[in-house]
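Survey of secondary and tertiary structure
Each chain, written out:
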Amino acid sequence: MTHAVQFSDEVVWWPTAKMIAESNLTRFIAVSGAQDLQDLQRRSTDDPERFWHTVITDLDIRFYEPYTKVLDVSPGVQWPRWCVDGRLNIVHNCIDKRRDDPRPAIKWEGEDGSTRELSYQQLAHEVCRVANALRRLGLGKGDVVALLMPMLPETAIALFAIAKIGAIVLPLFSGYGAEAVATRLGDAGATCLITCDGYQRRGRTMALKNMVDRAVERSPAVKHVIVVKRCGIDVGWREGRDLWWSDSVDNESTECDSQHTSAEDPLMLIYTSGTTGRPKGTVHTHCGFPIKAGQDLSHAFDLKPQDTIFWVTDIGWMMGPWELFGATIIGASLLLYEGALDYPEPDRIWNLVKRHHVSVLGVSPTLIRMLARDGDTRIELQNSALRILGSTGEPWDMKSWRWLFEKVGHSRLPIINYAGGTEISGGILSGNVLTPMKPCAFAGPLPGMAADVVDDSGNPVRNQVGELVIRRPWIGMSRGFWNDPERYLQTYWSQIPGVWVHGDLAVVDAEGFWYILGRSDDTIKVAGKRIGPAEIESALVQHPHVVEAAVIGVPDELKGQAIVCFCVLSTDVPIAADVLSDLVVGAFGRSLRPHAIEYVNELPRTRNGKVMRRVIRAAFLGQDEGDLSTLENPSAVSQIRALGIPYQTGTAGGRIDGGADGR
C-alpha cells in the first residue's frame, strides 16, 4: 500500500538533566530494575504480570484482600482477569486513605467567577455524606447511577460516592439532549440520576433539569433524581422521585465505610458513539481504569502530589473520570472549570492557569486552533507554575502545535502528545519527560502497552503507514461492551486473530518517533494512494487565513475517491480555491489535488473538541449521519448538507472551486 506522509525531521525540545533526574519515570525505572526506558518498555510487555504488580505497588494501591495472581488469560486474550481474588475499593485509594490530608484536592471556578476549594479531608467528608444518602435510598453494589453534570465540585463528590458504595458510575455529557440521555439510561439500566438545575455557558444560564425530566420520562427504571441547586432557577418537580441534593445530603454522617468489591467488579460504564447502531457502553473495573489513569499521569505527564492538573474536559468524556481517579490516586490537586474557556475574553484559560497555579495543562488541538485565532497578545504566563502541556483528542496540525509550543510554552515546555481511547482507559502512545520531542509526534508506546503498526496482513511496518494494534492485554483494557460481548469482539478482535486493532492509522518514522494520522475509517484512497485526512488538513492550515480544516473522501468513478476540503476562514473574503489546492499539491503531489474546496462557518465537533469527519462526510453525501448526540454545534451540519446538494444531484461536475460561500 502507498501513502503520502509529511513529517518534520526537526527535534525542537530536549529534557534538562534536572527534569530527567527528578522525574517519576526515572524513579520507576530504578524501582522496576530496568536499565533505561527502552529496557522498561521491553520488560513491561515481555512480563506484564511483574510490570503491573510493580505499578500497583508504586501507586500504593491497597487491597482489603490481596490478589493471588496479577493476570489470568485463560478465558482468552480478549477477556483477561486482573488482580485475581483481590478485593478493594478504588475510592479507598483515592480518598479514604487521605481523609486527614489538609492539602487541596479540588479547586473549582465557575464562569461567573465564583470559586471553591476542597481539601482531601473535606472531600472525604462530603463523599461519605453522599454515599450515606445513596444508601438511604436503597442503592448499593451493582446499581447503575448516572451522573449528568457540568464540572462542579459536586460532580467529583458524586463520582467517588457512587463508587464508594459499590455502585456503577454512568457519566454522561452535560451537553446531551433528552434522546441521547434516555438511550444511555435505558441501555445501562440506571435506577438513579444525579444532575443540577442548570449551568453557566457563555454568560447564559442553561437549564438542565427540565431536559432531564424529558429523558427520565422515557426511562422507567430511574426511580430517583437528585438535583444540585447550582443556578437557583425554576425547574419541574416530581414528588417521590426528585430530591434536592442539600435535603438528601446535608444531615448525613461524614463517616461511611467503603464497599468491599472484587477487583473485577464493574466500576463505570462510559458510552462512546459510533457511526451506526446504538452507543457502546464500555465496561471498566475497580482495578482497571483508575490504575491505568494513575500510571499514565505518573509516567507520561510526571504528575506529582504537589502539582495541580487542569484538563479541559467534561465528565462524559473519559478524560473527566480519568483525571479525577488518576490525580487523586497520586494525591495531586485538580482544577475543575464550568463554562467556556474563551469567555468573556480569549485569555480566560490563561488566567485560570495562572490564578490556580496549574502546573499540568491538558488541551485539544481544536481548542488551540480556536484560541490561536484570537492572537497571542493576552498570554501572560510569566512566573506561572505551568511546567507540562498535554494534548489529546485528535491529530495535530503543525501550525497549531507550534503556536502552543512557542507562544504558550515559550519553546521550553514539553507538549506530551497522548492518544488512546475510552476502551483503553487512557493512552496507547504518549510523549514523556525523558526523551526529545518532534512537532506533532509521540515518543512511543506507554510502558505496559504492546503497541505496533502493521500492514493489511498484520506484519509490522516502519516508516510506512499502517494500522495501530496492541498485541497483549493491559490492565485498563475495557472488559467488553455492556450487555453486548459480540459487538466488542467484532469491533476490536475480528480483523487479526488475537490482536486488538484500535482503528487508527499510525506510522513510526526512521528515528522511532510515532504519529497518529486519524481514524482508519476516515482514510482516503485516491487512485491507489492512501492518505489520512489530518495530513491534508495540516497543509491547508498553513495558509494564514485558514483557521481550521476538515477533509473527507467522496466517491469518484475514475479515481475511486476524490478529496473534498472544508475550511473555516479568519476573513470574510474567500480565498481563491486554487491557492489552497496548490498547498496540498505542493505537499503531496498532483495526484492528491482536492476535487473541491468548500468554505463553512464552523466544523461539527464534540464538546471535547474532536472534529467529526464521519458526520461531515455523511451530511455532504446525504447519508445517515448516525449518532449526533455528542455534538456541541449541531447547526454546523445543516450548512454542510446544503453544500452537498450539487454532489448528490450530480450537478457539481468536476470542478475545484469554493462551492457555496459559507461565510
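Structure: above.
In this report, we go over the structure that sits alongside the text.

Conventions and cut-offs
- Residues numbered from 1 in each chain as written.
- Predicted model: local features only at pLDDT ≥ 70, side-chain atom pairs only at ≥ 80, totals over all residues.
- Heavy atoms only, no water.
- Helix = DSSP H or I, 4+ residues; strand = E, 2+ residues; numbered from the N terminus.
- Rg over C-alpha atoms; globule rule 2.2 N^0.38 Å.
- Lys, Arg positive; Asp, Glu negative; His and termini not counted.
- Charge placed at Lys NZ, Arg CZ, Asp CG, Glu CD.
- Pairing = 2+ DSSP bridges.
- Axes fitted to C-alpha atoms, helices over the stretch in contact; angles between N-to-C directions.
- Contact = heavy atoms within 4.5 Å.
- Parallel < 35°, antiparallel > 145°, perpendicular 65-115°, else oblique.
- Nonpolar A, V, L, I, M, F, W, Y, C, P; charged D, E, K, R; others polar.
- Phe/Tyr/Trp six-rings, centres within 6.5 Å; stacked < 30°, edge-to-face > 60°.
- Buried < 20%, exposed > 50% of the residue type's maximum accessible area, 1.4 Å probe, protein only.
- Lys NZ or Arg CZ within 6 Å of the ring centre and 35° of its normal.
- Left-handed = near helix turned anticlockwise from the far one by under 90°.
- Salt bridge = Lys/Arg side-chain N within 4 Å of Asp/Glu carboxyl O.
- 1 Å grid on protein atoms, 1.4 Å probe; cavity = no way out; pocket = protein on both sides within 12 Å on 5 of 7 lines; lining within 4 Å.
- Points joined across faces, edges and corners; volume = space filled by probe spheres on them.

**Considerations on the overall build of the protein**
If you tally the helices and strands in the protein, you get 20 helices and 32 strands. The C-alpha radius of gyration of the protein comes to 24 Å, within 12% of the 26 Å expected for a compact globule of 663 residues. For the protein, the C-alpha atoms occupy an extent of roughly 70 × 60 × 55 Å along the three principal directions. Separation of charge centres in the protein, based on 69 positive and 81 negative side chains, amounts to 1 Å.

**Topic: the sheet that holds strand β31 (residues 560–569)**
In spatial order, the strands read β30-β31-β32; together these three strands make up an open sheet with mixed pairing. Edge positions in the sheet fall to β30 (546–556) and β32 (596–599), since each of these pairs with one other strand and no more. Taken over all neighbouring pairs, the strand axes of this sheet differ in orientation by 25 degrees on average, direction set aside. Relative to β31, β30 is paired through 10 bridges, and the arrangement is antiparallel. Within β31, the position partnered with A550 by the bridge is F566. Along the sheet, helix α19 (residues 613–621) makes contact with β30, β31 and β32, crossing β30 at roughly 55 degrees.

**Overview of the packing of helix α4 (residues 48–58) against helix α11 (residues 289–299)**
Interaxial distance between α4 and α11 falls to 10 Å at its minimum, and their mutual angle equals 80 degrees. Put simply, α4 runs roughly perpendicular to α11. Residues F51, W52, V55 and I56 of α4 pack against I291, Q295 and H299 of α11. For the contact of α4 with α11, the residue count by class is five nonpolar, two polar and no charged.

**As for the side chain of S430**
If you trace the backbone, S430 turns up in strand β22 (residues 426–430). Excluding anything up to four places from it in sequence, S430 contacts A300, I416, N417, Y418, F442, A443, G444 and L446.

**Some details on the packing of aromatic side chains**
In this structure the tally under the stated criterion is 25 aromatic pairs. Taking 5.3 Å as the distance between ring centres and 85 degrees as the angle between the ring planes, the aromatic pair formed by F301 and W311 counts as edge-to-face. On the criterion of sequence distance, the pair formed by F301 in the loop between α11 and β17 (308–311) and W311 in strand β17 is long-range, its members being 10 residues apart. As far as the burial class goes, F301 and W311 line up, both buried. A cation over an aromatic ring shows up here: K229 above the ring of W244, its NZ or CZ 4.5 Å from the ring centre.

**A word on the packing of helix α2 (residues 24–32) against helix α3 (residues 37–46)**
Interhelical geometry of α2 versus α3 gives an angle of 60 degrees and a closest axis separation of 10 Å. Judged by the angle between their axes, α2 and α3 are oblique. In terms of crossing hand, the pair formed by α2 and α3 is left-handed. In contact with L25, F28, I29 and S32 of α2, α3 contributes L37, L40 and R43. Partitioning the contact of α2 with α3 into residue classes produces five nonpolar, one polar and one charged.

**Thoughts on the pattern of salt bridges**
The final tally for this structure, using the stated rule, is 45 salt bridges. The closest approach of N and O atoms between D452 and R471, which form a salt bridge, is 3.1 Å. In this pair, D452 sits in strand β24 (residues 451–454) while R471 sits in the loop between β25 (466–470) and α16 (485–492), placing the two residues 19 residues apart along the sequence. Each member of the salt-bridge network shares a partner with another, and the members are K209, D213, E217, R238, R241 and D242.

**Re the side chain of H299**
The residue H299 is located in helix α11 in this model. Excluding residues within four positions of it along the chain, H299 makes contact with L25, F28, V55, N432 and P447.

**A short note on empty space enclosed by the protein**
Under the definition given, this model contains three cavities of 30 Å³ or more. The volume enclosed by the largest cavity comes to roughly 100 Å³. Surrounding the largest cavity, 13 residues form its lining, R369, P395, E537, A549 and R613 being those nearest its centre. Going through the elements one at a time, α17 (533–540) and β30 are the ones with two or more residues in the lining of the largest cavity. With three residues, α17 is the largest single contributor of residues to the lining of the largest cavity. Its residues assigned to classes, the lining of the largest cavity comprises six nonpolar, one polar and six charged.

**As for unusual backbone geometry**
With an omega of 0 degrees, the peptide bond running from Y343 to P344 counts as cis. Along the chain, P344 turns up in the loop between β18 (333–338) and α13 (348–355). Phi at D302 is positive, roughly 55 degrees, even though this residue is not glycine. Summarising the element assignment, D302 is placed in the loop between α11 and β17. If you check the backbone angles, S425 has positive phi at about 70 degrees while not being a glycine.

**Here we look at the sheet that holds strand β26 (residues 500–508)**
Strand order in the open sheet formed by four strands is β24-β25-β26-β27, with antiparallel pairing between adjacent strands. Unpaired on one side and paired on the other, β24 and β27 (514–519) mark the two borders of the sheet. Taken over all neighbouring pairs, the strand axes of this sheet differ in orientation by 45 degrees on average, direction set aside. Relative to β27, β26 is paired through five bridges, and the arrangement is antiparallel. Counted as the bridge partner of V507 is Y515 from β27.

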